[in-house]
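Summary of the model geometry
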Amino acid sequence: RTPLRGGGVIGVVDVTGAPARLVGGLPLPLRSLLQLQSVGVDALGLVGDGAAELFARVRDDDRLRVAVTVGDGALGGPHLLLRGDALLDATALRALRASPGCIGDASGVVALHRPEGIVGDPWERSTLAPIIAGSSRRVRTAADCTAATVGLLEGLRKPQDGMVSRALNRSLSLAVTRVLCGTGLRPNTLSVGILALGALGAYLASLGTPLAIAVGGVLFQSQSVLDGCDGELARLTFRGSKAGEWIDTVGDDLTNYGFFAGLAVGLGRAGLGAWAFPAGVVGVVAGFVASGIEYRWLYAHGTGDLTKYPLGFGDDAGAAPERGVTALLARARPLFKRDFFVFATMIATSFGLRTSLAMLVLFAAGAIATLSAVLRSEWARRGEGAR
């Protein structure tokens, strides 16, 4: 072991007292290292009892892109130091990274940022630093680990979730993610499995019997619920990636278009092809064209996250005041969010062939509306670029 010194800010975890159990699928010290990395430290270190043993387990972890060392003795230079049994939220850690000081609770200081380095017992000297407001919790017992995991999962809810996601889907997906986070399953592997479930739903819909279509609708909704799990798992275990964003985005679109294409074939087999085939063709073609335009924009901007595509109305950031067709689309947008539309499709397919046909026609109308919005957004940006 050697003293931890170096240029820039070194993020250090004192593993003394760290719980042996997992928190959100990760040992708490490893989670702290990954959090420190996420707020932009220049190097990482481990100190305290058991530091060398933990280092041997985590040094080859592909999520750690910043060098990790084991230290002993004085901590020279700027250091951001976390207790091994403390869990900080990202907001608190970013605030501490930006301004030297400390964060604590009733049980004492849990994190400390010193620009001049640390000598001796840091938790005794930390009172010399200004207190920074921040959220933290001590994790020591099995009950603490469970509570911390639940807290991390609840923090994965998104403000942009649709009404069905808020009321149903997100709670179900978080329950599944809680089970999966301790298995070592990779988010991208899960995404492929979720896509396979959607493909099975599309196949059943193509069979054309009321029962097969209804079961296909249930699998379509199940895919929508589980679709949240890969992203939740990625954020919870620090395995988010651009490839994962693209797999999730393309998988959702393929599931949508595959199901309604299968439904069109199935309704055609059931004798409703006069309406089903045109609606299916129009909806799927319009959807593919809109997706192709969106994908080009996403690729140019270095992301695979479809929520970042600016449609220019509704809840888009920086959207212009809405009027006319744009205002109508904005008001209808919640009804065409994927969570609501998939849930409505499951309900419609459970009531028989004619309600399934009605949902297919609505899908075609929604695909045309989305394509129109995408084209309007593209023309608006080209007009701005021409000025």
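Residues numbered from 1 in each chain as written. Predicted model: local features only at pLDDT ≥ 70, side-chain atom pairs only at ≥ 80, totals over all residues. Heavy atoms only, no water.

1. Looking at helix H9 (residues 242–300)
Here is the rule we go by: Starting at the N terminus, helices and strands are each numbered in turn, a helix being any DSSP run of H or I of at least four residues and a strand any DSSP run of E of at least two. Expected span of a helix: the number of residues minus one, times 1.5 Å. One axis is fitted to the seven residues ending at the residue and one to the seven starting there. The bend at that residue is the angle between these axes.
Given a rise of 1.5 Å per residue, 59 residues ought to cover 87 Å, yet the end C-alpha atoms of H9 are separated by just 13 Å, more than 12% below that figure. Largest kink in H9: about 155 degrees, centred on leucine 272. Of the residues flanking the end of H9, it is glycine 302, one or two places downstream, whose phi is positive at about 70 degrees.

2. With respect to the side chain of aspartate 252
Note the threshold: A simple rule labels every residue: compare its accessible area, found with a 1.4 Å probe on the protein chains alone, to the largest value its type can have, and call it buried under 20%, exposed over 50%, or partly exposed in between. A residue counts as positive if it is Lys or Arg and as negative if it is Asp or Glu; His and the chain ends are not included. Whenever Lys or Arg places a side-chain nitrogen within 4 Å of a carboxyl oxygen from Asp or Glu, that contact is recorded as a salt bridge. When checking whether two residues touch, look at their non-hydrogen atoms; a contact exists if any pair is within 4.5 Å.
Within the secondary structure, aspartate 252 is located in helix H9. At 4.1 Å, arginine 338 is the nearest oppositely charged side chain to aspartate 252, a buried residue that forms no salt bridge. If we skip the residues at most four places from it in the chain, aspartate 252 touches Gln223, Asp227 and Arg338.

3. So, the environment of valine 12
Secondary-structure assignment places valine 12 in strand S2 (residues 10–14). Among the residues examined, valine 12 registers a relative accessible area of 0% and is labelled buried. With 21 residues separating them in the primary sequence, valine 12 and leucine 33 have C-alpha atoms 7.5 Å apart.

4. Digging into the side chain of serine 173
Defined as follows: Polar contacts, as used here, are pairs of N or O atoms within 3.5 Å; protein pairs need one atom able to donate a hydrogen and one able to accept it. Residues neighboring in sequence count only if both atoms are side-chain atoms.
Secondary-structure assignment places serine 173 in helix H6 (residues 163–180). The exposure class of serine 173 is buried, given its relative accessible area of 2%. Engagement of the side chain of serine 173 in a polar contact is seen with the side chain of glutamate 232, the distance being 2.6 Å. Contact partners of serine 173, with chain neighbours within four places excluded, come to Val225, Gly228, Cys229 and Glu232.

5. Here's the deal with helix H7 (residues 187–206)
The first and last C-alpha atoms of H7 sit 29 Å apart over 20 residues, in line with the 28 Å expected at 1.5 Å per residue. What H7 keeps buried is the set Pro187, Leu190, Ser191, Ile194, Gly198, Gly201, Ala202, Leu204, Ala205 and Ser206. Those residues of H7 hidden inside the fold are in contact with H6, helix H8 (210–236) and H9. Positive backbone phi, approximately 90 degrees, marks glycine 208, located one or two places after H7.

6. Points about the packing of H6 against helix H11 (residues 338–350)
Using the following cut-off: Throughout, an axis means a line fitted to C-alpha atoms (over the contacting stretch in the case of helices), and angles, computed between N-to-C directions, take values from 0 to 180 degrees. For classification, angles of less than 35 degrees are called roughly parallel, those exceeding 145 degrees roughly antiparallel, those between 65 and 115 degrees roughly perpendicular, and all remaining angles oblique. Here a crossing is called left-handed whenever its near helix is offset anticlockwise from the far helix by less than a right angle, and right-handed whenever the offset is clockwise.
Remark: H6 packs on H11, axes separated minimally by 7 Å, with the N-to-C direction vectors making an angle of 65 degrees. Viewed along their axes, H6 and H11 adopt a mutual orientation that is roughly perpendicular. Between H6 and H11 the crossing geometry is left-handed. Between H6 and H11, the contacting residues are Met163, Val164, Ser165, Leu168 and Asn169 on the first element and Asp339, Phe340 and Phe343 on the second.

7. Details of the pattern of salt bridges
Counted by the stated rule, this structure contains 12 salt bridges. Across the pair aspartate 85 and arginine 83 runs a salt bridge whose closest N-O atoms are separated by 3.5 Å. A residue is classified by how much of its surface remains accessible, and aspartate 85, at 4% relative accessible area, is buried. Accessibility expressed as a relative area gives 21% for arginine 83, which makes it partly exposed.

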